[in-house]
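Understanding the architecture of this molecule
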Amino acid sequence: MSQKFDVVVIGAGPGGYVAAIRAAQLGLNTACVEKWVNDQNQTVLGGTCLNVGCIPSKALLDSTHKFHMAHSEFKAHGIHTGDVSMDVPAMIKRKDQIVKNLTGGIAGLFKANGVTLLEGTGKVLANKQVEVSKKDGGTEVVDAENVIIAAGSVPVNIPPAPLTEGLILDNEGALEITETPKRLGVIGAGVIGLEMGSVWARLGSEVTVLEAMEEFLPFCDKDLAKDAQKTLKKQGLDIRLGARVTGTEVKGQEVTVKYTDAKGEQEIVVDKLIVAVGRRPYTEGLLAGDCGVQLDERGFISVDGQCRTSVPGVYAIGDVVRGPMLAHKASEEGIMVADIIHGHKAQMNYDCIPGIIYTHPELAWVGKTEQELKAEGVKIKVGKFPFAASGRAMASHDTEGFVKIIADEETDRILGCHIVGGQAGELIAQAVIAMEFGSSTEDLQLTVFAHPTVSEAIHEAALACDNHAIHVANRKKR
Ligand code: FAD
Ligand code: AMP
């Protein structure tokens, strides 16, 4: 007799493992199928985020930021360190240990919550059955009252830059570089490209980023994109816009990258090339022909606003469905779907998903940009406060950037917040909470912020929406 579960989750990334834990907490008999194995053929949980995404990239960003601080910023504090050097293999080892601890932690959480782990590759069959091709051979078919597909995404590869061991790398390979390349090429000035470019620029690589689009970070508020472009340039990232890569040639240990821009055909020679041109939903071998689950024209699993697929009782969440490819979006969808299965009328606020780019300064945002709101004809007021006017930011020698709050001119409701700053990624949560609670700028203006903190910049930006900022001159007199 086949095993039967209330919920079978396919994939143990931040979408799947969170869904499985929540479902089990709600008393549902839950299994999670995961196929990812390490080089010792042990199953590892956590998906892209923990193994080759959010966490390892942030570990490298943090190590290299600290290196940069010691190398270039400490002297401003009067600290003299002598020669500072980076042991790159030790940095990679630290990153690997963090990954190991965290992925092991998920296994512990599965045990603590009673989630059954099925080690192997899952395939959705008709009638809510899931076939598991087991890691150690053989197959098992399990029955499910509900299936949650959380199969995630994989890097996009482009024909002009086929991956080449040690030389042309995708985002996974980029996390395993053990020696600082003298010349590094990056294709794609998206989130991953800029984060990886920053890591190696801080260690001394000459970094060239080739981006096909003419506009830098087109999904960001223009004030953020402009500021970031200037700062990253100052940090040594040579970002070439309107540069479409058309081919690569590997000769010995060098890669010639050919691209076209407004001036015609160009080329650069690099020691390593990172391909960071985006990710695509991963559905290979996932859906039996007769299972009824439909894909959209871009290859994502089609779902409604509550992650229901075309088959009742089958849900899909995270990178494999529409919306931003972000770990926290995947996790919240996982919680929503587990709650729906348990019988709640759960829903999620897709208008309030923050985004962060972990360069230094960081970029963080939530809600709409000034340009989007203007295009929609919404009457807005904007308040900005620069960290250069923040006492705490000065004390920390971290004064780049600003907080920008946008609110509806008539109702005062906050519609967006956009931050460039050393701690933008942490600060944005305050705006997310405010927006989630439907706050006005007046709510923030009347809130007491501790002094001295960089958070005071949020308070001041809210005040600036009504030209009442205290620590900076307001734009116009009332
Ligand atoms: P995944 O994490 O991709 O997990 C899917 C899991 O399903 C995998 O473990 C896979 O092995 C498993 N699987 C797939 N098919 C099957 C099958 N048939 N059977 C069994 N198992 C299967 N997001 C952020 O929010 N913040 C960041 O800072 C951030 N940084 C990133 C940096 C990099 C370099 C990368 C690559 C990504 C980053 N992301 C970041 C994106 C984030 O990692 C993804 O949005 C997130 O992991 C998506 O979660 P998921 O659960 O949908 O899919
Ligand atoms: P993201 O999806 O945020 O990771 O960004 C990927 C970026 O890669 C996008 O801005 C694309 O425009 C860019 N891109 C895709 N293909 C190419 C190419 N052939 N040459 C240069 N840039 C590219």
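All chains use their own residue numbering, which begins from 1 and follows the written sequence. All chains are assigned letters beginning at A, and all ligands numbers beginning at 1, according to the order in which they are written. Thresholds applied to this predicted model are a pLDDT of at least 70 for local features of residues and 80 or more for the giving and counting of side-chain atom pairs; totals over whole chains, interfaces and linings are not thresholded and use all residues. To get the side-chain values, take all heavy atoms of the structure and skip hydrogens and water.

Re the site of ligand 1
Throughout, near means a residue has at least one heavy atom within 4 Å of the molecule or strand. Close to ligand 1 lie 39 residues; Glu34, Thr48, Lys58, Gly122 and Ala327 are nearest. The backbone of alanine 150 places a nitrogen or oxygen atom 3.4 Å from an oxygen atom of ligand 1. Residues adjacent in sequence count toward polar contacts only when both atoms are side-chain atoms; beyond that, a polar contact is any pair of N or O atoms within 3.5 Å, and within protein one must be able to donate a hydrogen and the other to accept it. Methionine 325 has a polar backbone atom sitting 3.3 Å from an oxygen atom of ligand 1. Throughout, the Shrake-Rupley method with a 1.4 Å probe supplies accessible areas, and for residues the shown protein chains are the sole cover considered. Bound to the protein, ligand 1 loses 95% of the 1000 Å² it would expose on its own.

As for the packing of helix H3 (residues 54–73) against helix H6 (residues 191–202)
Where H3 contacts H6, the axes come no closer than 9 Å and their chain directions differ by 35°. For the pair H3 and H6, the sense of crossing is left-handed. Every residue of H6 that contacts H3 at Ser57, Lys58, Leu60, Leu61, Thr64, His65, Phe67 and His68 is listed here: Glu195, Met196, Ser198, Val199 and Arg202. Gly falls in the polar group here, along with every residue not listed as nonpolar (Ala, Val, Leu, Ile, Met, Phe, Trp, Tyr, Cys, Pro) or charged (Asp, Glu, Lys, Arg). Of the residues that constitute the contact of H3 with H6, the class distribution is five nonpolar, five polar and three charged. All axes are obtained by fitting lines to C-alpha atoms, using only the stretch in contact for helices, and the reported angles, taken between N-to-C directions, cover 0 to 180 degrees. Helix and strand assignments follow DSSP, with helices taken as H or I runs no shorter than four residues and strands as E runs no shorter than two, numbered in order from the N terminus. Less than a right angle of anticlockwise turn of the near helix away from the far helix marks a crossing as left-handed, whereas a clockwise turn marks it as right-handed. It only takes one pair of heavy atoms within 4.5 Å for two residues to be counted as in contact.

Description of the sheet that holds strand S13 (residues 264–270)
When DSSP finds two or more bridges between two strands, those strands count as paired. Here three strands make up an open sheet; going across it, the order is S11-S12-S13 and the pairing antiparallel. The open sheet has two edge strands, strand S11 (244–251) and S13, and neither has a second partner. Recorded for the sheet is a direction-independent mean angle of 20° between the axes of neighbouring strands. Summarising the sheet, strand S12 (residues 254–261) and S13 pair through seven bridges and their orientation is antiparallel. Along S13, the bridge assignment pairs lysine 258 with glutamate 267.

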